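Reading the structure
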There are 2 protein chains.
Amino acid sequence: MAITVVGSVAYDSIETPAGRRDRCLGGAATYFALAASYFTDVRVIAVVGEDFGRRQEAVFLNRNIDIQGIERAAGKSFFWEGSYLDNLNEAKTHTTELNVFATFEPKIPAAYADSEFLFLANIDPVLQRRVREAMPDVKLVAGDTMNYWINDHRAALLEVLKGLDILLINDTETRVLGGNKNLVLAARAVMELGPRMLVVKHGEYGATLFHKALPGSPNSKTFKAPALPLEEVVDPTGAGDSFAGGFFGYLASQAEVTPGAFRRAMFYGSVMGSYACERFGTERLQQLTREEIDARFNVFRELTHLD
Amino acid sequence: MAITVVGSVAYDSIETPAGRRDRCLGGAATYFALAASYFTDVRVIAVVGEDFGRRQEAVFLNRNIDIQGIERAAGKSFFWEGSYLDNLNEAKTHTTELNVFATFEPKIPAAYADSEFLFLANIDPVLQRRVREAMPDVKLVAGDTMNYWINDHRAALLEVLKGLDILLINDTETRVLGGNKNLVLAARAVMELGPRMLVVKHGEYGATLFHKALPGSPNSKTFKAPALPLEEVVDPTGAGDSFAGGFFGYLASQAEVTPGAFRRAMFYGSVMGSYACERFGTERLQQLTREEIDARFNVFRELTHLD
């Protein structure tokens, strides 16, 4: 089943202990789409500037990602500059230039209308809601957000949450959105706001799936996927979006969304997140094979399973 | 197979968001021994003061723990006071009184000599080494330490590490001892110092077993056990020592220490750590049943296993 994703396609300048890259292709929708493309058809809604050329297009087209919905606008693409010199788990933002994103009005190509899965990457909740409402017939909707929207645009975000099946955010965002220092209680509070499932991403410690019903047995309201212990984290940018792409992409590839499918999706999310960290920007995600992905899936199984 | 443990038996005054307890029974050897007692015979080497009475003795004796090696000295027992008001993951120490521990000279009762497993809880590495050398015939030796010994008593600690099979420490301790910010590289450096296995305890994120050889398949040099998502952490004091007790206790209960046994031991460690957090001090660890422990083991399996 095809996924439509709306979010940022951007340029990033990144500095990590492993080095520096200037203006490499980035953005949440880019990482998400590349990661999901190994599992299913992906269609992107975004806006870019005149600096987005053939070379950037090719990154999507080489992975058979539909970019009809990437609008070209006068001006420059969204730009972010950040570093991870002291702490690989948290980016220090130096510059954020919204550029063409400041006036983004998502338009959904007619060819996207039969998408059964929708992912609302981290953008203004007003835009997330607009896309959600324009695609009322999708089967499963997931989304991301960040502290800025949680703190300063809460009313708009709450409207988005009502329309989500699955929210994917990190520990701090869960605690702030749920208003509780205890992660389990915070997760429960977040699910009261709409989503019936919540994936909390813990960075180097993996991720936890909380759910009201579905996955697993009656006793189990959570499922954990570890992160892979990596000898070198070259660049953690986009790891969370890549997790989301692997998670949602795998789900969309399944004929039926069973409890077992959600568990495997958590592992595929971690697999794609681990690959994202191995090179700068989207370099590693552009050049994977499904065989490599499944081989690492098996490494995750060995890493966690008793037998 | 019986375990001998050397370490502190102490009184703790603890404040957490859930409340306060004054002078409850604590100490690393106490938590370790109680947790391990559900799996195998445990023998304790420690020193206490005149304030250690029948009621404290009973806590050990009720769990069939051998306390011949708990020496009574003139003066007061080790005392620690700390709080977790801002952060349940890290204690803020208010008071540490070594008292009788300041002049502790471990003496090993003759009846302990046939112990096949030895655990060196977090104490002065000079004492750890003395006990290790007095028990040269043990089959498996594990131990713990802390940043104070790593930073200020490194030479003595390095001697202890040479005699250890397994070291159990936390993330920060691993990074400091291994001299590397990257956990995988730090773990490898630590194993170069002696132990062939390293268990890194991540608090609320579980624990990772690193190993030079043995557990798992040729591709897998690590194994992960999650922590249980708890709705309320009443008191995290002793969770790491309880993890160690569950881990090492389970190993000692096995006829053969196979790769599978190490994996299950990691889960039993997490089980005992999770129980320790549910009540103040050792309250929960005093009153468990093996059935409760195995039921929670199965919860951990559901929490992590795909099928």
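Reading the values: rules and limits
Residues numbered from 1 in each chain as written. Chains lettered and ligands numbered in written order. Predicted model: local features only at pLDDT ≥ 70, side-chain atom pairs only at ≥ 80, totals over all residues. Heavy atoms only, no water. Helix = DSSP H or I, 4+ residues; strand = E, 2+ residues; numbered from the N terminus. Rg over C-alpha atoms; globule rule 2.2 N^0.38 Å. Contact = heavy atoms within 4.5 Å. Areas by Shrake-Rupley, 256 points an atom, 1.4 Å probe, with all protein chains shown as cover. Lys, Arg positive; Asp, Glu negative; His and termini not counted. Charge placed at Lys NZ, Arg CZ, Asp CG, Glu CD. Buried < 20%, exposed > 50% of the residue type's maximum accessible area, 1.4 Å probe, protein only. 1 Å grid on protein atoms, 1.4 Å probe; cavity = no way out; pocket = protein on both sides within 12 Å on 5 of 7 lines; lining within 4 Å. Points joined across faces, edges and corners; volume = space filled by probe spheres on them. Axes fitted to C-alpha atoms, helices over the stretch in contact; angles between N-to-C directions. Parallel < 35°, antiparallel > 145°, perpendicular 65-115°, else oblique. Left-handed = near helix turned anticlockwise from the far one by under 90°. Nonpolar A, V, L, I, M, F, W, Y, C, P; charged D, E, K, R; others polar. Polar contact = N/O pair within 3.5 Å; in protein donor to acceptor, adjacent residues only side chain to side chain. Pairing = 2+ DSSP bridges. Least-squares fit on C-alpha atoms with pLDDT ≥ 70 in both. Salt bridge = Lys/Arg side-chain N within 4 Å of Asp/Glu carboxyl O. Disulfide = S-S within 2.5 Å.

1. Some remarks on the overall build of chain A
- Looking only at helices and strands, chain A features eleven helices and 13 strands.
- In terms of C-alpha radius of gyration, chain A reaches 18 Å, essentially the compact-globule figure of 19 Å for 307 residues.
- Here the C-alpha coordinates of chain A stretch approximately 55 × 45 × 35 Å along the principal axes.
- Long-range pairs, those at least 24 residues apart, make up 63% of the contacts in chain A with a sequence separation of at least 6.
- A total accessible area of about 11,900 Å² is found for chain A, and carbon and sulfur atoms account for 48% of it.
- Side chains of chain A carry 32 positive and 39 negative charges; the gap between the two charge centres is 4 Å.

2. Digging into the environment of Val184 of chain B
All names here are of chain B.
- Tracing the backbone through its elements, the reader meets Val184 in helix α7 (residues 183-192).
- Owing to a relative accessible area of 10%, Val184 belongs among the buried residues under this scheme.
- With 43 residues separating them along the chain, Val184 and Val141 place their C-alpha atoms 23 Å apart.

3. Considering unusual backbone geometry
- At Asn64 of chain A, a position not held by glycine, the phi torsion is positive, near 60°.
- Relative to the helices and strands, Asn64 of chain A resides in the loop between α2 (54-61) and β5 (70-72).
- The phi dihedral of Asn99 of chain B is positive, around 50°, even though this residue is not glycine.
- Secondary-structure assignment places Asn99 of chain B in the loop between β7 (92-97) and β8 (117-120).

4. Some points on empty space enclosed by the protein
- Overall, the coordinates contain one cavity of 30 Å³ or more when judged by the stated rule.
- The space that makes up the largest cavity amounts to roughly 150 Å³.
- What lines the largest cavity is a set of 16 residues, and nearest its centre among them are Tyr205, Lys224 and Pro226 of chain A together with Tyr205 and Pro226 of chain B.

5. Focus on helix α1 (residues 28-36) of chain A
- In terms of residue burial, α1 of chain A counts as a mostly covered element, since nine of its nine residues are buried.
- Regarding α1 of chain A, the residues found buried are Ala28, Ala29, Thr30, Tyr31, Phe32, Ala33, Leu34, Ala35 and Ala36 of chain A.

6. A short note on the packing of helix α9 (residues 259-276) of chain A against helix α11 (residues 290-304) of chain A
Residues and elements named next belong to chain A.
- The contact between α9 and α11 brings their axes to 9 Å, and the two run at 115°. With respect to α11, the axis of α9 lies roughly perpendicular. Where α9 crosses over α11, the handedness of that crossing is right-handed. Contacts between α9 and α11 involve Arg264, Phe267, Tyr268, Ser270, Val271, Met272, Ser274 and Tyr275 from the former and Arg290, Glu292, Ile293, Asp294, Arg296, Phe297, Phe300, Arg301 and Thr304 from the latter.
- Along the lines of polarity and charge, the residues of the contact of α9 with α11 split into eight nonpolar, three polar and six charged.

7. Side note on the side chain of Asn182 of chain B
Residue and element names in this part refer to chain B.
- With respect to the secondary-structure elements, Asn182 resides in the loop between α6 (171-178) and α7.
- What makes Asn182 buried here is its relative accessible area of 15%.
- Reaching out from Asn182, the side chain makes a polar contact with the backbone nitrogen of Val184 at a distance of 2.9 Å.

8. Some details on the sheet that holds strand β5 (residues 70-72) of chain B
Residue and element names in this part refer to chain B.
- Reading across from one edge, β5-β4-β1-β8-β9-β10-β11-β12-β13 is the order of the nine strands in this open sheet, with mixed pairing throughout. Either end of the sheet is taken by a strand with one partner, and the two such strands are β5 and β13 (222-225). Direction aside, the axes of adjacent strands within the sheet are offset by 20° on average.
- With four bridges joining them, strand β12 (residues 207-211) and β13 adopt antiparallel strand pairing. Bridge pairing in β13 places Leu209 opposite Phe223.

9. Overview of the relation of the copies chain B and chain A
- Of the transformation placing chain B onto chain A, the axial shift is 0.0 Å and the rotation is 180°, giving an RMSD of 0.0 Å. Such a turn and shift between the copies fits a two-fold axis.
- A share of 100% of interface residues in chain B that are also interface residues in chain A marks the association as one of identical surfaces.

10. Examining the sheet that holds strand β7 (residues 92-97) of chain A
Residue and element names in this part refer to chain A.
- Sheet architecture is open: four strands sit in the order β3-β2-β6-β7, paired in mixed fashion. Both edges of this open sheet fall to β3 (19-26) and β7, since each of them pairs with a single strand only. Within the sheet, the average angular offset between the axes of one strand and its neighbour, ignoring direction, is 15°.
- Relative to strand β6 (residues 78-83), strand β2 (residues 10-16) is paired through six bridges, and the arrangement is parallel. Considered in β6, the bridge of Tyr11 is made with Phe79.

11. Overview of the pattern of salt bridges
- Scanning the entire structure with this criterion turns up 46 salt bridges over all chains.
- Among the ionic pairs, Arg130 of chain A bridges to Glu105 of chain A, the shortest N-O distance being 2.7 Å. With Arg130 of chain A in helix α3 (residues 125-134) and Glu105 of chain A in the loop between β7 and β8 (117-120), this residue pair connects regions lying 25 residues apart in the sequence.
- When its relative accessible area of 37% is taken as the criterion, Arg130 of chain A is described as partly exposed.
- The partner of Lys201 of chain B in a salt bridge is Asp144 of chain B, with the nearest N and O atoms 3.8 Å apart. Of the two residues, Lys201 of chain B is situated in strand β11 (residues 197-201) and Asp144 of chain B in the loop between β9 (140-143) and α4 (147-152); the sequence distance between them amounts to 57 residues.
- In this structure, a network of salt bridges that share partners links the residues Glu15, Arg20, Asp22 and Glu81 of chain A.

12. What to know about the state of the cysteines
Residues and elements named next belong to chain A.
- Within this structure, the stated rule accounts for zero disulfides over all chains.
- Summary of cysteine pairing: Cys24 is not part of a disulfide, and the nearest cysteine sulfur, belonging to Cys277, is at 14 Å.
- Its relative accessible area of 18% is what places Cys24 among the buried residues.

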